[in-house]
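# Observations on the model geometry
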Amino acid sequence: MGNAKKGNTMFILYVKNQEYSKDFYTDILEYEPILHVPGMTEFKLSEGVSLGIMPEEGIRRIMGNEVPNPSKGNGIPRCEIYLFVDNPDKAYTKLIEAGGKGVSSCELRPWGDYVSYGADPDGHIIAFAKKHE
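Residues numbered from 1 in each chain as written. Predicted model: local features only at pLDDT ≥ 70, side-chain atom pairs only at ≥ 80, totals over all residues. Heavy atoms only, no water.

## Quick look at the pairing of strand 6 (residues 101–108)
Condition: A pair of strands is considered paired only if DSSP assigns at least 2 bridges between the two. Where helices and strands are cited, they refer to DSSP runs of H or I of at least four residues and of E of at least two residues respectively, numbered from the N terminus.
When strand 6 meets strand 7 (residues 113–119), the two strands line up antiparallel, connected through five bridges. Bridging across to strand 7, Lys101 finds its partner in Ala119. Between the antiparallel neighbours strand 6 and strand 7 lie four residues, among them Gly112 with a positive phi of about 100 degrees.

## Description of the confidence of the model for the chain
Parts of the model with low pLDDT should not have their predicted coordinates read in detail. We count it as follows: Residue-level confidence of the predictor is summarised by pLDDT, bounded by 0 at the bottom and 100 at the top.
Across the chain, pLDDT averages 90, with 95% of residues at or above 70. Ranking the elements of the chain by mean pLDDT puts helix 2 (residues 56–63) last, at 78, and strand 2 (residues 35–37) first, at 98.

## Structural notes on the sheet that holds strand 2
What counts, and what does not: Here the axes come from fitting lines to C-alpha atoms, over the contacting stretch only for helices, and the angles between their N-to-C directions go from 0 to 180 degrees. The contact definition used throughout considers only heavy atoms, calling two residues in contact when any of these lie within 4.5 Å.
Here four strands make up an open sheet; going across it, the order is 1-4-3-2 and the pairing mixed. Strand pairing shows two members of the sheet lacking a second neighbour, strand 1 (9–15) and strand 2, which therefore form its edges. The sheet shows a mean angle of 20 degrees between the axes of neighbouring strands, direction not considered. Looking at chain direction, strand 3 (residues 40–46) and strand 4 (residues 49–55) are connected through five bridges and run antiparallel. Bridged to Lys44 within strand 4 is Ser50. Running at roughly 20 degrees to strand 3, helix 1 (residues 18–29) makes contact with strand 1, strand 2, strand 3 and strand 4 of the sheet.

## A closer look at the packing of aromatic side chains
We apply this condition: Stacked, edge-to-face and tilted are the three classes for Phe, Tyr and Trp ring pairs, Trp counted by its six-membered ring, which pair at centre distances within 6.5 Å; planes under 30 degrees apart are stacked, over 60 edge-to-face, the rest tilted. Only protein chains enter the accessibility calculation, which uses a 1.4 Å probe. A residue is then buried if its area is under 20% of the maximum for its type, exposed if over 50%, and partly exposed in between.
On inspection of all chains with the given rule, the structure shows four aromatic pairs. Ring plane angle 45 degrees and centroid distance 6.4 Å describe the contact between Tyr25 and Phe43, whose orientation is recorded as tilted. Separated by 18 residues along the polypeptide, Tyr25 in helix 1 and Phe43 in strand 3 bring together distant segments of the chain. Accessibility classification places Tyr25 together with Phe43 in one group, the buried group. Taking the centre distance of 6.3 Å and the plane angle of 65 degrees together, the rings of Tyr31 and Phe43 count as edge-to-face. Taken as a pair, Tyr31 in the loop between helix 1 and strand 2 and Phe43 in strand 3 lie far apart in primary sequence, twelve residues in all. By relative accessible area, Tyr31 is classed as partly exposed at 31%. Given a relative accessible area of 0%, Phe43 falls into the buried group.

## A closer look at helix 2
Stated precisely, the cut-off is as follows: The arc refers to the directions leading from the helix axis to the C-beta atoms.
Taken as a whole, helix 2 has its buried residues at Glu56, Gly58 and Ile59. Seen from one end, helix 2 has its buried residues packed into an arc of 160 degrees, which puts them on one side. Residues of helix 2 that are buried in the fold lie against strand 1 and strand 4. Count one or two residues on from helix 2 and you reach Gly64, which has phi positive near 60 degrees.

Okay, here's the thing in structure tokens:
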């Protein structure tokens with residue numbers, strides 16, 4: 001990957017309301033972000049992998065009119081975050097209690113994981129998975 005620093009990756013979600021999304025992800029991840037400033041919130045998911053939360057308006061100002069305004073896709077699933085957790089049922093319930101939308105309760109999926117699916121307040125899909133034993 002050219003000059004990219006190996007081992008460090010950040011996925012950034014564009015959100016309507018940074019503060020609301022920060023609170024939502026703090027609730028479902030059960031820990032505080034490592035960075036929270038106007039325009040960016042970051043959660044460390046694992047060593048070298050972070051989840052960023054950026055307001056739609058902030059990225060629109062950066063990208064200008066070169067790409068469609070992200071707010072036009074709000075509520076439409078635009079990505080999936082697949083998280084391995086100890087208890088997918090509990091995580092699914094917590095997502096709904098935190099203001100997310102339940103999509104599919106836990107079940108054993110054909111690929112061998114026990115997984116539930118929900119959506120965050122902006123429509124991004126979140127899967128809570130556990131390897132089937």
